[in-house]
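Geometric and topological summary
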Amino acid sequence: MDGELTRMTAADLAAAIAAGDVSAAEVTEAHLARIEEADPRVRAFLHVAGDQARAAARAVDERRAAGGELGPLAGVPLALKDVFTTIDMPTTCGSAILDGWCPPYDATITRRLREAGVVLLGKTNMDEFAMGSSTENSAFGPSHNPWDLDRVPGGSSGGSSAAVAAFEAPLGLGTDTGGSIRQPGAVCGVVGVKPTYGGNSRYGVVAFASSLDTPGPLARTVLDAALLHEVISGHDPCDSTSVDAPVPPVVAAARQADVSGMVIGVVPELGGEGIQPGVLAKFNESVELLESLGAKVTEVSCPHFSYALPAYYLIAPSEASSNLARFDAMRYGLRVGDDGTHSAEEVMALTREQGFGAEVKRRIMLGTYALSSGYYDAYYGKAQQVRTLIIRDFEAAFERVDVLISPTTPTTAFRLGERVDDPIAMYLADLYTIPADLAGNAALSVPCGLAPEDGLPVGLQVMAPVLADDRMYRVAAAVEAALDARRGYPLLNDARGLA
Amino acid sequence: MPIARDDVAHLARLSRLALGEEELDHLAAQLDVIIAAVAKVQEVAADGIPPTSHAVPLVNVFREDVLVECLSADAVLSQAPAVEQQRFRVPRILAED
Amino acid sequence: MPGSSTAAELVSYAEAVTRYEPLIGLETHVELGTVTKLFCGCPAAFGGAPNTHTCPVCLGLPGSLPVPSRTAIEYTIRIGLALNCSIAEWCRFARKNYFYPDMPKNFQISQYDEPLCTDGWLEVTLEESELGAYGGGAGGPRTFRVGIERVHLEEDTGKSQHMGGATGRIHGADYSLVDYNRAGIPLVEIVTKPVEGTGALAPAVAHAYVRELRDLLRALGVSDVRMEEGSLRSDVNTSLSPRGSGRWGTRTETKNVNSLRSVERAVHYEIERQAAVLDGGERVIQETRHFHEESGITTSGRSKEEAQDYRYFPEPDLVPLAPSRDWVEQIRSSLPELPAARVARLQREWGLSGVEMVEIRNAGALDLVEQTVAAGAAPADARKWWLNELARRANDTGAELTSLPITPGGVARVVELVASGTLNDRLARQVIEGVLAGEGTPDEVVAARGLAVVSDEGALGAAVDAAIAAHPDVADKIRGGKVAAAGALVGAVMKATRGQADAARVQEMILARLTQS
């Protein structure tokens, strides 16, 4: 029964709990057991909150027993990326500088999850301060891809993605700044969604790049992702950048799954040089599939997308260099060198030197450089102009098509250690995901098969206009249904890493 | 134009990072490559194109002048590296920055 | 050298302003009197036990986000309108990045190249009395139009206390203690354009500008503007240019100027010091200097030679401000009558001179006089009592005029009693003394102490007769035509009546008895 419980979707678990077929406590227990069994190999979790999870599950069961109303995900367990503040669990952001820090407040999303009766199993591993594409930048060691434990689970939300793919939780939450939900989703064979920027709250999400960071769901099915999307989304008065508009009807769209009559654009700039042949092959098959389902697929050039990567690697580090300045040993976190001989300035520098990893230091200095007087116009200023052009490319494209598609990543999961010494090679993992972050519109990755040369999962990226998140869910659900029907069993059954 | 090692040392000082000599060399080399790559944005003709600082165009988001409960001093100070007289104790500050 | 208090060489002021032309500029920070902080709902009130007015936002905890206060923005626009500024149609907040322990995020949310208000002015008038100290005054009052470069909104920092050193200042301290109660309080920064053509009057103009600005802000109701509590802080910039050279000099910025008087003294000292530097063939160093209250000198603080690179960029956690023209006009129409206009109006209505108005304002008595006039007193009388008798008594006890235990209504009543002949000036002073001592209202004091002027003709006549009888030689002189001698008899009657006679009437009665009119 336990093994079955961890194989169920969130939707089915919620229904079973609501119907009384199984208790929330049993569901939580089953997942805690699975974590104990699998996580020594996957290393998805930095902190497992067993007692709090059991208490939260008990509360759902008591509520049900008392005849109270249960939300659509009540009693369903979730793996929370360690970038969200939690009042009863540490929040490290994968960094030594915050090792042991217990926030005095919950993120708005954390609060919404608790109020919905979602059971927080614990905090998951991530690249330090969300900077990376593999979790190899975590101060606490990398996570491992359940498809092949010698490979990366992607990043920065690699821990949440791996947890979902390893059946340690049916739901995960991550944040996407340059692709950090979609890319790990793609390489782990799960659904990863970046909602419209501002569609939910960043209050309590430790900032990497403020104008790009977007919390979003990871799940094994499109419907599960949609259910979680609706629970976490909506305007927050504590976040000035959150959008005050109704949440797009993503659950309805996920159930509808019908693309007949839709016009779909393929972006040639996303999928050229450097793409792994098997990835391209799976993408082309997806195009054919969509056409067979009744969509019209056409090519739409977005010329400035070729500049998205350099623009991103100017904007994001610039904002990050400022956002991470607060980690200075004065109020919380690591303090090094306070022995009476060092000044405050020196203690700050010694602490940050020891507390930050190499990638974080690189990006802080890059950002400081790009914002410097004399360089601002040529670097940061120019990048923000390129951003405008990318937004215009999207707007022009969406006048002709309903959604845009591309492969999510140029390659399948690379090996641990393969790219750690080559920052630029690492950055290329985000090549296709970055444009949507810069423009703020909705994008997701849905599994579309296994690359023939390595048997590893490939993701199909679907991008929708700002606040039209439902459109991409419709397309993703259609692809998922068709592929599941063709295959006859869930994709993740083929993940042999934990066998 | 390659970035000079001295400039990288200056950036480290500005960012409050006490880099070791070897680390500085290593990072300087990497930064050089990265800066050359991101400089690609300068190829784009962008005369008259306004910069975008916010992807989604909101304006005038405000809150009203109404009190909200504060954190207790205990909650504020409990994670502090050093506390004295209910305040954060910090090492000697050199002259104002 | 930082921290050194040894006085620099100086050139005498008179000499300095003969050979050099001063240029001044002022940067003033005002803490707004809103209920809550700029970006969160913590109290903005002064005081409170350390670190009890904080939350994740003003502490800059990881994950926290700012949300701006509508009221703070409205107050800023109010200030801009009162200073005749243009209000931006669209602008943004920006991050000013630097590391300092009193800054929780190590950046300050401020405004950079898009301030909310720009390009205004404030007229500052110096009366003869203020000009006199600088050799001016002969040609009547002088008005200077001080240009306002910008008015913008930003968040205040926390407060550090430096421990272990001898002076409590940062130099020589062993460690510091930081309180973040003040972090996040809304701060408006008002920057003047360089003020040219003040010549020798530069210190007085600086003083008058800060005073006018303070009064304006108080009238707008946007701040309690207490320099001693730090809700109004001014830095003053000074530079010298050799007369006729056409080149502007290097400027220094002087901080720690905590009173109006200090503003004036700081400019005065900097002119003398910089003149000596330039006379010696040296360069004035562009730097921040610290003003010392006790000695009136400035010493070198931090060097601005290597200008700080704050790496400003638009604040990504905040969306732009686009105040609608309707909202701006609504704010404009809600502005109270501004001090300069009010003073001009009252001067006209009261028929007083400019000098008299300055005296009233310097004594802080404008509201009191206005209220006394509203209670029925003639303006000249109201002014006379507040500025003479009451000001003296306030000085004696070290109290403020406004805290004396007598109301404008009470003063007006005293004036009325004098006007109606019930009291003379001397008796009126005794009545005031009684009111201040808590003996009751003016009428109650008059009754209790029996201070009414004796107006009973019979009683007066008897007193006059008695005086005439007691001084026959004086009476003879008067009979002989020496009318002036009546003064002695009047004095005798006043003494006999304990000052409660109407001296003019007594004089009439004496003359009537002793001369043939």
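These notes cover the structure that comes with them. All values derive from a computational prediction rather than experimental measurement.

**As for the nonpolar core**
Counting 291 residues, the largest nonpolar core has A:L78, A:L121, A:V462, A:M472, A:A476 and C:V205 as its most contacted members. Ignoring anything within four residues of it in the chain, the contact list for A:L78 reads A:L113, A:V118, A:V119, A:L120, A:L121, A:A169, A:L171, A:G172 and A:L173. In this structure, C:W386, C:V435, C:A475 and C:V490 belong to the second largest nonpolar core, which totals 46 residues.

**A word on helix α11 (residues 408–419) of chain C**
Residue and element names in this part refer to chain C. Between its first and last C-alpha atoms α11 spans 16 Å; for 12 residues at 1.5 Å apiece the expected length is 16 Å, and the two agree. All buried positions along α11 are accounted for by G410, V411, A412, R413, V414, V415 and L417. The secondary structure elements touched by the buried residues of α11 are α9 (366–374), α10 (379–397), α12 (425–436) and α13 (442–449). Once α11 finishes, G421 follows within two positions and takes phi at roughly 90 degrees, a positive value.

**Things to note about the sheet that holds strand β14 (residues 313–314) of chain C**
Strand order in the open sheet formed by three strands is β4-β3-β14 (chain C), and the pairing between neighbours is antiparallel. Each end of this open sheet is capped by a strand with a single partner; those strands are β4 (107–110) and β14 of chain C.

**Here we look at the packing of helix α13 (residues 358–371) of chain A against helix α1 (residues 5–14) of chain B**
Running from N to C, α13(A) and α1(B) cross one another at 100 degrees; their axes reach a closest spacing of 9 Å. As summarised for this structure, α13(A) and α1(B) are arranged roughly perpendicular, according to the angle between their axes. Taken together, the residues of α1(B) that come into contact with α13(A) (itself represented by A:M365, A:T368 and A:Y369) are B:V8, B:L11, B:A12 and B:L14.

**Overview of the interface of chain A and chain C**
In many analyses, interface size is given as the accessible surface area lost on bringing the parts together. Listed by partner, the interface residues are 32 residues for chain A and 24 residues for chain C. At the level of secondary structure, the elements contributing two or more residues to the side of chain A that touches chain C comprise α11 (308–323), α12 (344–355) and α13 of chain A. Looking at which element gives the most residues to the side of chain A that touches chain C, the answer is α11(A), with three residues. Grouping the amino acids of the side of chain A that touches chain C by side-chain chemistry returns 15 nonpolar, 11 polar and six charged.

**Here's the deal with unusual backbone geometry**
Note the cis peptide between A:G155 and A:S156, where omega equals 10 degrees. With respect to the element layout, A:S156 can be found in the loop between β3 (119–124) and α6 (158–165). Positioned with a positive phi, C:N106 is a non-glycine residue whose angle comes to about 60 degrees. For C:N106, the location among the structural elements is in the loop between β3 (94–97) and β4. Overall, the presence of 23 C-beta atoms within 10 Å leaves C:N106 in the buried class. The backbone of C:D119 sits at a positive phi, close to 60 degrees, despite the residue not being glycine.

**Focus on the interface of chain B and chain A**
At the junction of the two partners, chain B supplies 44 residues and chain A supplies 57 residues. Of all the secondary-structure elements, those providing two or more residues to the side of chain B that touches chain A are α1, α2 (21–38) and β2 (87–91) of chain B. If one sorts the elements of the side of chain B that touches chain A by residue count, α2(B) sits on top with eight residues. Residues that form the side of chain B that touches chain A fall into these classes: 33 nonpolar, seven polar and four charged.

**Points about the packing of α1(B) against α2(B)**
Residues and elements named next belong to chain B. Close contact between α1 and α2 brings their axes to 10 Å; oriented N to C, the two are set at 105 degrees. Taken together, the axes of α1 and α2 lie roughly perpendicular to each other. For the pair formed by α1 and α2, the contact residues are R5, V8, A9 and A12 on the first element and L24, L27, A28 and L31 on the second. For the contact of α1 with α2, the residue count by class is seven nonpolar, no polar and one charged.

Scoring rules and cut-offs
- Residues numbered from 1 in each chain as written.
- Chains lettered and ligands numbered in written order.
- Predicted model: local features only at pLDDT ≥ 70, side-chain atom pairs only at ≥ 80, totals over all residues.
- Core = buried A, V, L, I, M, F, W, Y, C linked by C-beta atoms within 7 Å.
- Buried ≥ 20, exposed ≤ 12 C-beta atoms within 10 Å, placed from the backbone.
- Contact = placed C-beta atoms within 7 Å.
- Helix = DSSP H or I, 4+ residues; strand = E, 2+ residues; numbered from the N terminus.
- Expected span 1.5 Å × (residues − 1).
- Pairing = 2+ DSSP bridges.
- Axes fitted to C-alpha atoms, helices over the stretch in contact; angles between N-to-C directions.
- Parallel < 35°, antiparallel > 145°, perpendicular 65-115°, else oblique.
- Nonpolar A, V, L, I, M, F, W, Y, C, P; charged D, E, K, R; others polar.

Distances and angles like these do not, on their own, reveal function.
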